[in-house]
Amino acid sequence: MKAPELLLPAGTLDKMRAAYDFGADAVYAGQPRYSLRARNNDFKLEELKTGIDEAHARGKLFFVASNLLPHNSKVKTYMADMAPVIEMKPDALIMADPGLIMMVREKWPEVPVHLSVQANTVNYMGVKFWQKLGVSRIILSRELSIDEIAEIRQECPDIELEVFVHGALCIAYSGRCLLSGYFNHRDPNQGTCTNACRWDYKVHDAAADDAGDVVAQKISFDFNQALEDANQRFAACGGAERHPLAERTYLIEEANRPGELMPIMEDEHGTYIMNSKDLRAVEQVEKLVRIGVDSLKIEGRTKSLYYVARTAQVYRQAIDDAVAGRPFNPALLADLDGLANRGYTPGFLERHQTQDYQNYLTGHSKAKQSQYVGDVLAVDADGWATVEVKNRFAVGDRLEVIHPSGNRVIELTELYKGQEAVSVAPGNGIQVRIPGMAGLERALIARLF
């Protein structure tokens, strides 16, 4: 079987380098003005050139995201602003807007164009349409199942297909969301999404006043307890009773906007409101490889360097195992559990995980919980590493050293802050030194617990 490309996000040059170090074949980054990451995006023109040059020097690929859906003002400036980027010779442009694609194809026909997930391609005729316009790769919608992807591959054998396998999921169709623009006038389709669907919301009880307006009631209300009580009543009567929560109106309050209560409706399906679980499809990699998907993509240009390194390493192993015919290693699930996440789901790819994976997740995985605690900045001749602390760790802790050459677990026996021996590295913002790290420059440190 052919190994698919492993494609990682690059929000900064350091994250780009970590992605390559830990197994990525390609990265994607974008100019703030024309990509969907205007915030927390370090890739101005100078950084783009550095990134593209470094990628090509390493024999890797660098894609430039230019995937916003522009209003007229940005259409007018687009071609002039993209000219210096094209001169840098990126390996492809990731685009969504048909007008911009037409303009690029007419002026720079030699530049490969990858159709962004933002274009929501969900069927093989859509793929054929874009292929006729000269698009060389389709990034398929996240809303497709593995069977649907397989059918598209069968019907469209001569175009590259890319599939998301890890990262945040949108509550709207692959990114087409209006929440951020509605709440604070930051348009997700212009690159300024504030991830309103993933804020911390609280639920308040509500009632209608004499005028029919929804108002808050000062009543203590636990939605989960109410749901449990209702489910018990529902089960006790054999499922014939209409679920009482479906008749109620509630108000949600976001943690950073106290007092701003917004009405919502909840039903028997739960209190998720808007916040999706995160996509994790590492156990589906083997099926996607067999289908013949050309690129497996990880989301997260605003995520940490640790996230980039860990996901690159895990999905690299999953791809290599699949191509070599080795069975899936469930330990990879536990490696991803150490990343900050909102719970994992295979998304629309598969509805159910196998019983073996479920058993693993409730057993071994919980025994290998980890937390990112530091970056190795330098290692001296005696093997002492200077570590920039991200989270608390202490003498006696078991630490996992995450390195491109392979990971290892050590027990921390000594810890110095400057010349002073200490027992605890208390948290973010300090540097400490630890022993036994010879040859492990640019390693990341996680605490096992």
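Residues numbered from 1 in each chain as written. Predicted model: local features only at pLDDT ≥ 70, side-chain atom pairs only at ≥ 80, totals over all residues. Heavy atoms only, no water.

### Details of the overall build of the protein chain
(1) Moving on: Secondary structure assignment for the protein chain yields 13 helices and 24 strands.
(2) Moving on: For the protein chain, the share of sequence-separated contacts (at least 6 apart) that also reach a separation of at least 24 residues comes to 67%.
(3) Moving on: Accessible area of the protein chain: about 21,100 Å², with a carbon and sulfur share of 50%. (Helix = DSSP H or I, 4+ residues; strand = E, 2+ residues; numbered from the N terminus. Contact = heavy atoms within 4.5 Å. Areas by Shrake-Rupley, 256 points an atom, 1.4 Å probe, with all protein chains shown as cover.)

### Looking at the side chain of Ser141
(1) Moving on: You can see Ser141 is positioned in the loop between strand S6 (137-139) and helix H6 (146-155).
(2) Moving on: Only 2.3 Å separates the side chain of Ser141 from the side chain of Glu143, close enough to count as a polar contact. (Polar contact = N/O pair within 3.5 Å; in protein donor to acceptor, adjacent residues only side chain to side chain.)

### A few points about the pairing of strand S2 (residues 26-29)
(1) Moving on: Here S2 shows a buried face lined by Ala26 and Tyr28 and a second buried face lined by Val27 and Ala29.
(2) Moving on: Bridge count for strand S1 (residues 5-9) against S2 is three bridges, and the pairing is parallel. Paired with Pro9 across the strands is Tyr28, a residue of S2.
(3) Moving on: Taken together, S1, helix H1 (residues 13-21) and S2 constitute a β-α-β crossover, and its handedness is right-handed.
(4) Moving on: Here S2 pairs with strand S3 (residues 61-66) via four bridges, running parallel. (Buried < 20%, exposed > 50% of the residue type's maximum accessible area, 1.4 Å probe, protein only. Pairing = 2+ DSSP bridges. Right-handed = clockwise from strand over helix to strand, strands pointing away.)

### Focus on the packing of aromatic side chains
(1) Moving on: Under the definition given, this model contains five aromatic pairs.
(2) Moving on: Ring geometry for Trp384 versus Tyr416: centroids 5.5 Å apart, planes at 80°, classification edge-to-face. With Trp384 in the loop between strand S15 (370-379) and strand S16 (385-389) and Tyr416 in strand S20 (residues 416-417), this pair connects stretches of sequence that are 32 residues apart.
(3) Moving on: On the basis of relative accessible area, Trp384 is assigned to the buried category, the value being 19%.
(4) Moving on: Between Lys297 and the ring centre of Tyr28, over which it is positioned, the NZ or CZ distance is 4.4 Å.
(5) Moving on: Sitting above the plane of the Trp384 ring, Arg433 keeps its charged end 5.2 Å from the centroid. (Phe/Tyr/Trp six-rings, centres within 6.5 Å; stacked < 30°, edge-to-face > 60°. Lys NZ or Arg CZ within 6 Å of the ring centre and 35° of its normal.)

### Here's the deal with unusual backbone geometry
(1) Moving on: Even without a glycine there, the phi angle at Asn120 is positive, about 60°.
(2) Moving on: For Asn120, a relative accessible area of 17% translates into the label buried.
(3) Moving on: Although it is not a glycine, Arg442 sits at a positive phi angle of roughly 65°.
(4) Moving on: Mapped onto the secondary structure, Arg442 falls in the loop between strand S23 (431-434) and strand S24 (444-448).

### Some points on the packing of helix H5 (residues 124-132) against H6
(1) Moving on: Their axes nearest at 9 Å, the elements H5 and H6 cross at an angle of 45°. Comparing the axis directions of H5 and H6 gives the class oblique. With respect to the hand of their crossing, H5 and H6 are arranged in right-handed fashion. Across the interface between the two elements, Tyr124, Val127 and Lys128 of H5 pack against Glu151, Ile152 and Glu155 of H6.
(2) Moving on: Per-class residue counts for the contact of H5 with H6 are three nonpolar, no polar and three charged. (Axes fitted to C-alpha atoms, helices over the stretch in contact; angles between N-to-C directions. Parallel < 35°, antiparallel > 145°, perpendicular 65-115°, else oblique. Left-handed = near helix turned anticlockwise from the far one by under 90°. Nonpolar A, V, L, I, M, F, W, Y, C, P; charged D, E, K, R; others polar.)

### What to know about the environment of Cys177
(1) Moving on: Mapped onto the secondary structure, Cys177 falls in the loop between strand S7 (160-167) and helix H7 (179-184).
(2) Moving on: For Cys177 and Ala196, which are 19 residues apart along the polypeptide, the C-alpha to C-alpha distance reads 9.7 Å.

### Some points on the pattern of salt bridges
(1) Moving on: All told, the structure shown has 21 salt bridges when counted by the stated rule.
(2) Moving on: Taking the shortest distance from any N to any O, the salt bridge between Arg153 and Asp294 comes out at 2.9 Å. Pair noted here: Arg153 is in helix H6 and Asp294 is in the loop between helix H9 (285-291) and strand S13 (295-298), with a separation of 141 residues, a long-range link.
(3) Moving on: Under the relative-accessibility criterion, Arg153 is labelled buried at 10%.
(4) Moving on: Under the relative-accessibility criterion, Asp294 is labelled buried at 15%. (Salt bridge = Lys/Arg side-chain N within 4 Å of Asp/Glu carboxyl O.)

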